[in-house]
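Residues per chain are reported as follows:
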Amino acid sequence: MLTEPHFFPGEAPPGYSYLEDEPEFDPRTDLQLEPPQELTNLRDLGYDTGFEIDFPSPLAVTSALRVLSDTGVEKTRKVIKRLLPHAVHSPDPRVAPVLHGAVYRSRFLRDLSLSPEVAAFFSEIAGTDLVPTALPFNLAQINYVHPQPEQAIEGWHHDDTGLSMLLVVHDPSHLDGGRFQYFHGTRQEAAGYARNRLCLPADRVVSPVLPGPGYAVLMQGSALVHRDEPLWTPGERYTLGSCYDSPDPEHTAPNRTYFPDETDTDHLFDPETQVERLCRYVDFARHKAWRARGRLDAFLREVPWTDDRELIVRQLTEAVREVVEAVNLLRGDETGTAQVTQLRAPEESRGKRRMA
Ligand SMILES: O=C(O)CCC(=O)C(=O)O
Ligand SMILES: [Fe+2]
């Protein structure tokens, strides 16, 4: 069952505007697609088949692969630097400013994130069809580093999205710290260490070698406990994350969304969070509508001639289940900061993740 391609919104949301005078994305000069040497699967991390079955690919994380050419890196870096004023700054100075939905601010990043060449390359690696996510807010997320390295925070987490590319745009060889790292184990194990206030054992922390800017990993970020290592000395560090979904809605919805309560005093000082708010609602609804379209098409093709009304009700209900859940979530309350932190914590169970 495959859902039809998503329509990327024709207009940027209110409060967003595209940069003027941007470089154009040209896949012939900007991409340099080179596959990874190694793949680590969910099973290698210790997950069982029951867990794996929910995911479109058995892949947990790749070793370094190359996405951008030197020309592509230069263009990306220029755009990312120009977008810094729109990043959301956490009230905690140890947390890097982050910009979501850069596809609504940069045509270059939009076209890179939607590139069919990149999606085909990742599909080949993951061994399953992948398309740029129909939740554009999760396309082109830029992680900036606070200019003053503060007291180190651990920063271990897992994401609440599907497969994602994490691309280094800075030159990692010039940095003291700031590596992308992951835990070679399951979320449950990582949560066990956290509960007991223990650090993750150093011999199970992997720091994949990313030889230079333009290299990336592809990861199943919701199953992989990972972090950006603290930067021990000031330096320039930018990463770009972008998510990919399976177009087969039979796979569990990868993007679990909650709507942060923007009236939380923590957020009030940054007007950019207010702009993001509306973008999250619509993008979330789009993603659910996109998935349901595949299920409704399957219903149209497959519903049998029957007088079993219960059977028809069951099939139709299943086709729109995620839309009904989305409606309930959109009608519901927003999530406070403390709960958002909890939702992102590694001890979150897969069952909970499935609820939204
Ligand atoms: O910048 C990095 O190395 C990791 C960023 C990350 O994990 C995230 O944004 O979720
Ligand atoms: Fe992450």
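- Identification of the protein as Fe2OG dioxygenase domain-containing protein from Wenjunlia vitaminophila is taken from an unreviewed UniProt entry.
- Within the UniProt record for the protein, the comment given under Sequence similarities (unreviewed entry) is "Belongs to the iron/ascorbate-dependent oxidoreductase family."

## Observations concerning the overall build of the protein
At step 1: The helix and strand tally for the protein stands at 12 helices and 13 strands.
At step 2: Residue burial in the protein is summarised as follows: out of 356 residues, 37% are buried.
At step 3: Looking at the protein alone, contacts between residues at least 24 apart form 85% of all its contacts between residues at least 6 apart.

## A word on the site of ligand 1
At step 1: As a structural note, the neighbourhood of ligand 1 is formed by N143, D159, L166, F180, H226, D228, T239 and G241.
At step 2: Among the elements of the structure, strand 12 (226-228) and strand 13 (238-245) are those that each provide at least two residues to the shell around ligand 1.

## Quick notes on the environment of W232
At step 1: Inspection of the secondary structure puts W232 in the loop between strand 12 and strand 13.
At step 2: Between the C-alpha atoms of W232 and K78, which are 154 residues apart in sequence, the distance is 25 Å.

## Considering the nonpolar core
At step 1: Residues A60, V67, F122, L167, A216 and L218 are the most contacted members of the largest nonpolar core, which totals 66 residues.
At step 2: A60 has contacts with T40, N41, L42, D44, L45, M219, Q220, A223 and L224, leaving out every residue within four places of it along the chain.

## Examining the pairing of strand 7 (residues 141-144)
At step 1: With two bridges joining them, strand 5 (residues 98-99) and strand 7 adopt antiparallel strand pairing. Residue pairing for strand 7: V98 is matched across the bridge by N143.
At step 2: In this structure, strand 7 lies alongside strand 13, joined through four bridges in antiparallel fashion. Looking across to strand 13, one finds that Q141 is bridged to G241.

## A look at the sheet that holds strand 12
At step 1: A sheet is described by the order of its strands in space; here three strands give the open sequence 10-9-12, paired in antiparallel fashion. On the outer flanks of this sheet lie strand 10 (205-206) and strand 12, each paired with one strand and no other.
At step 2: Relative to strand 12, strand 9 (residues 180-183) runs antiparallel, the two sharing three bridges. Following the sheet pairing, Q181 is matched in strand 12 by R227.

## Remarks on unusual backbone geometry
At step 1: Residues other than glycine seldom take positive phi values, yet D21 does so here, at roughly 50°.
At step 2: Along the polypeptide, D21 turns up in the segment before helix 1 (27-30).
At step 3: Judged by the 5 C-beta atoms lying within 10 Å of it, D21 falls in the exposed class.
At step 4: Notably, R197 is not glycine yet its phi reads approximately 55°, a positive angle.
At step 5: Counting through the fold element by element, R197 comes out in the loop between helix 7 (187-195) and strand 10.

So, how was this worked out
Counting restarts for each chain: residues are numbered from 1 in the order of the written sequence. Labels follow written order: the first chain is A, the first ligand is 1, and so on. Note on the predicted model: pLDDT of at least 70 is required for a residue's local features to be given, and 80 or more for side-chain atom pairs to be given and counted; whole-chain, interface and lining totals, by contrast, use all residues. UniProt positions are given in the numbering used here, feature names are shortened, and annotations may be inferred rather than shown by experiment. Secondary structure counts use DSSP, requiring at least four H or I residues in a row for a helix and at least two E residues in a row for a strand, with both numbered from the N terminus. A residue is called partly exposed when the number of other C-beta atoms within 10 Å of its own lies between 12 and 20, exposed at 12 or fewer, and buried at 20 or more, with C-beta atoms placed from the backbone. C-beta atoms are placed from the backbone for every residue, and two residues are taken to be in contact when these atoms lie within 7 Å. As used in this record, a residue near a molecule or strand is one whose C-beta atom, placed from the backbone, is within 6 Å of it. To define a nonpolar core, we join buried Ala, Val, Leu, Ile, Met, Phe, Trp, Tyr and Cys residues through C-beta atoms within 7 Å and take the resulting set. Paired strands are those between which DSSP finds at least two bridges.

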